[in-house]
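# Chains, contacts and geometry: an overview
Below, each chain spelled out in residue letters.
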Amino acid sequence: MFRMIIPIAAMLLATGCGKMAELVNQTRTVAAPREQVFAKMFGNDSAFTGLPLVTNGGSTRLYELVVQNGEPGFEQMVPDERPDAQKVKIAVAMEIPREAHLIYSVDDGALTTGLKFTFDEMAPDRTKVAFTIDDLTGHGSKGLMVNRSALQKIARDALDKLDDFEEVKEPA
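Conventions and cut-offs
Residues numbered from 1 in each chain as written. Predicted model: local features only at pLDDT ≥ 70, side-chain atom pairs only at ≥ 80, totals over all residues. Heavy atoms only, no water. Core = buried A, V, L, I, M, F, W, Y, C linked by side-chain atoms within 4.5 Å. Buried < 20%, exposed > 50% of the residue type's maximum accessible area, 1.4 Å probe, protein only. Helix = DSSP H or I, 4+ residues; strand = E, 2+ residues; numbered from the N terminus. Arc of directions from axis to C-beta. Pairing = 2+ DSSP bridges. Salt bridge = Lys/Arg side-chain N within 4 Å of Asp/Glu carboxyl O.

### Brief notes about the nonpolar core
Val-37, Met-41, Phe-42, Leu-102, Phe-117, Phe-119 and Leu-162 are the most contacted members of the largest nonpolar core, which has 36 residues in total. For this core, the secondary-structure elements that each account for two or more residues are helix H2 (34-42), strand E3 (60-68), helix H3 (74-77), strand E4 (87-95), strand E5 (99-106), strand E6 (111-123), strand E7 (126-133) and helix H4 (145-160). Sorting elements by how many residues they give to this core places H4 first, with five residues.

Have a look at this one:
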């Protein structure tokens, strides 16, 4: 468990070098089947490889990492502004191949932020990918700004993989 915590914590706490462009909600349509697009963005070489799978019934696959106060690596994951926090959770819910929702929360949703990707099959060889940033919610949300930046880096990396497909312009 500890082997997985360190890379995930490093990923969440990384702020990157230099100023990164602002990531905004966007929609892109590419010439590829939905499953192929999803696999490219969130396949075996994604940031979530190694997270434990938590089954919750239905077709949803939920990967999550929960770290309690006092466990190794907790200090690296908890926001500095929330030293009283007791639990940090990173969850990646994937309704394959329709949706991927990345959520970082502190104390069972007392603070939460996330990213959402939806995959709409427009034709057998055409997929529309919509990306949105969830609003930061909860009291004392200032402490998640670094973690939100890390989530945005994950989203940027996933969206960059769309460049491997030919983009399709939607008719006006």
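### As for H2
When we look at burial in H2, the residues that qualify are Arg-34, Val-37, Phe-38, Met-41 and Phe-42. Seen end-on, H2 carries its buried residues on one side only, within an arc spanning 100 degrees.

### Quick notes on the pairing of E5
For E5, a buried count of six out of eight residues is recorded, marking the element as mostly surrounded by other parts of the structure. As defined by bridge partners, E4 adjoins E5 across eight bridges and the pair is classed as antiparallel. Along E5, the bridge assignment pairs Ala-93 with His-101. Here E4 hands over to E5 after three residues, the two strands then running antiparallel side by side. Here E5 pairs with E6 via eight bridges, running antiparallel. Its bridge partner being in E6, Leu-102 is matched across the sheet by Leu-115. Once E5 ends, the chain turns through four residues before running back antiparallel as E6, passing Asp-107 with a positive phi of about 55 degrees.

### Let's talk about the pattern of salt bridges
Tallied over the entire structure, the rule returns five salt bridges. For the salt bridge of Arg-28 with Glu-167, the shortest nitrogen-to-oxygen distance reads 3.9 Å. Placement of Arg-28 in strand E1 (residues 26-30) and of Glu-167 in the segment after H4 is noted, with a sequence separation of 139 residues between them. Exposure remark for Arg-28: the relative accessible area of 15% places this residue in the buried category. On the accessibility criterion, Glu-167 (38% relative accessible area) is partly exposed. Note that Glu-99 is salt-bridged to Lys-116, the shortest N-O span being 3.6 Å. Of this pair, Glu-99 sits in strand E5 while Lys-116 sits in strand E6; the two residues are 17 residues apart in sequence, bridging distant segments of the chain. What makes Glu-99 partly exposed here is its relative accessible area of 25%. Salt bridges sharing partners connect three or more residues here, namely Arg-28, Asp-163 and Glu-167.

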